[in-house]
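# Residue-level structure breakdown
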Amino acid sequence: MTFDPHPMEVVFPGSHPAQLTTLTRRAELVEELGVDVFLVMPFTSDFMKLTPERYIHELLVEGLHVVEVVVGENFTFGKKAAGNVAMLRQAGERFGFAVESMSLVTESLDAEHRDERVTFSSTYIRSCVDAGDVVAAAEALGRPHRVEGVVVRGEGRGRVLGFPTANVAPPMYSAIPADGVYAAWFTVLGHGPMVGTVTPGERYQAAVSVGTNPTFSGRTRTVEAFVLDTEADLYGQHVAVDFVSRIRGQAKFDSVKDLVVAMEADTDRARAILAAQ
């Protein structure tokens, strides 16, 4: 069971956290785990006001007829997050359902700081993505961090420079990695008229630039993927970019020639990184 929109957006409008996965992607991942039913609860202002007691009785008991509830050990629920695992267990004894609380996944920071552990929470993963550390984000997620979006028309500079890029426009609130250049896998998800030689569902190597194109005094932050080994027309396609490794930070070059040299090096580096996957 999950909620849509994110509860924070309803409780504190304007505070929606960066979204690590789209709702559709989340459903796909859950299905891969063997779950039969993925329930999306609309999180509304009325739902937010449910007391823990009403939450249990109306949603879990009367609505879902639960047999067992599995939650994280720090799970809270109901109005002002007043409900907790202990309350849930008491209700389970009363209404006849089991409750299992799962320990949070943690890991030592490194060999030198074995006593310092980090919790693999969504907050931690967002901080990794925000810092451009997509390797740490992937370690916590168990998969590369993905940004989805529709390919839209950009300035067209890449094609002129010999590096035609797919300008990916992600949904609002998407968690976008820090500005820089990345090695990534690029996948067309197949939600549009197919033109060219790209096969839906097949991964392609890509060098991806995230940022404002400072060499050209850009102001708009974009996600531009130079998809390797294809010349397919990608405009209008729904695509996914799986970030594997950061190659370098964003830089402003003194000339277009210097930029092209750097892009060639970025492409070679991306190929090497992805070939080793």
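These remarks concern the structure in this document. Nothing here was measured: the structure is a model prediction, and the numbers come from that model. (Residues numbered from 1 in each chain as written. Predicted model: local features only at pLDDT ≥ 70, side-chain atom pairs only at ≥ 80, totals over all residues. Heavy atoms only, no water.)

## Remarks on helix α6 (residues 122–130)
The criterion, for reference: Any residue under 20% of the maximum accessible area for its type is buried, any over 50% is exposed, and the rest in between are partly exposed; the area is computed with a 1.4 Å probe on protein chains only. Numbering of helices and strands starts at the N terminus; helices are DSSP runs of H or I of at least 4 residues and strands are runs of E of at least 2. Working definition: the arc comes from the directions between the helix axis and the C-beta atoms, pointing outward to the latter. Note on contacts: a residue pair is in contact if any heavy atoms of the two residues lie within 4.5 Å.
Listed in full, the buried residues belonging to α6 are Ile125, Arg126, Cys128 and Val129. Considered in projection along α6, the buried side chains sweep an arc of 160° and stay on one side of the axis. For α6, the exposed residues set more than 90 degrees away from the buried face come down to Thr123 and Asp130. Looking at the packing, one finds that the buried side of α6 touches α7 (134–141) and β7 (145–152). A positive phi of about 85° marks Gly132, the residue just after α6.

## Observations concerning the sheet that holds strand β10 (residues 203–211)
How we decide: Should DSSP find at least two bridges between two strands, the strands are taken to pair. A fitted line through C-alpha atoms serves as each axis, taken over the contacting stretch for helices, and the angle formed by two N-to-C directions is quoted from 0 to 180°.
The six strands lie next to each other as β7-β8-β11-β10-β9-β12, forming a closed barrel whose pairing is antiparallel. Between one strand axis and the next, the sheet turns through 45° on average, direction left out of account. Two elements, strand β9 (residues 180–188) and β10, share eight bridges in a ladder whose sense is antiparallel. Bridge pairing in β10 places Gly180 opposite Val210. Contacts between helix α9 (residues 256–275) and the sheet are confined to β9, β10, β11 (222–227) and β12 (238–249), with β12 contributing the most and set at about 105° to the helix.

## Focus: the packing of aromatic side chains
Heads up, the rule is: Only rings of Phe, Tyr and Trp enter the pairing, Trp through its six-membered ring, and a pair is recorded when the two centres are within 6.5 Å. The plane angle decides the type: under 30 degrees is stacked, over 60 is edge-to-face, the rest tilted. Charge over a ring is defined by NZ of Lys or CZ of Arg lying within 6 Å of the ring centre and within 35 degrees of the ring normal.
The tally for this structure, following the rule as stated, stands at nine aromatic pairs. Taking the centre distance of 5.7 Å and the plane angle of 55° together, the rings of Phe3 and Phe47 count as tilted. Separated by 44 residues along the polypeptide, Phe3 in strand β1 (residues 2–4) and Phe47 in helix α3 (residues 45–48) bring together distant segments of the chain. Taking 5.6 Å as the distance between ring centres and 15° as the angle between the ring planes, the aromatic pair formed by Phe75 and Phe77 counts as stacked. Taking relative accessible area as the criterion, Phe77 reaches 3% and is therefore assigned buried. These aromatic residues form a ring-pair network of at least three members: Phe3, Phe43, Phe47, Tyr55, Phe75 and Phe77. Over the aromatic face of Tyr235 sits the side chain of Arg153, whose NZ or CZ is 3.8 Å from the ring centroid. Lying over the aromatic face of Trp185, Arg203 brings its terminal NZ or CZ to 3.9 Å of the ring centre.

## Overview of the pairing of strand β3 (residues 68–72)
Selection rule: With strands facing away from the observer, any crossover in which the path from the first strand over the helix to the second runs clockwise is taken as right-handed.
Residues of β3 alternate between two faces, with Val69 and Val71 buried on one and Glu68, Val70 and Gly72 left unburied on the opposite face. Note that β3 and strand β4 (residues 98–102) share five bridges and pair parallel. Following the sheet pairing, Glu68 is matched in β4 by Ala98. Once the chain exits β3 it traverses helix α5 (residues 85–95) before rejoining the sheet at β4, and the crossover so formed is right-handed.

## Describing the pairing of β11
Among the six residues that make up β11, six are buried, leaving the element largely enclosed by the rest of the structure. Burial of the side chains of β11 extends over both faces: Thr222, Glu224 and Phe226 are buried on one face and Val223, Ala225 and Val227 on the other. Looking at chain direction, strand β8 (residues 166–169) and β11 are connected through three bridges and run antiparallel. If you follow Asn167 over to β11, its bridge partner there is Glu224.

Structural measurements only, silent on function.
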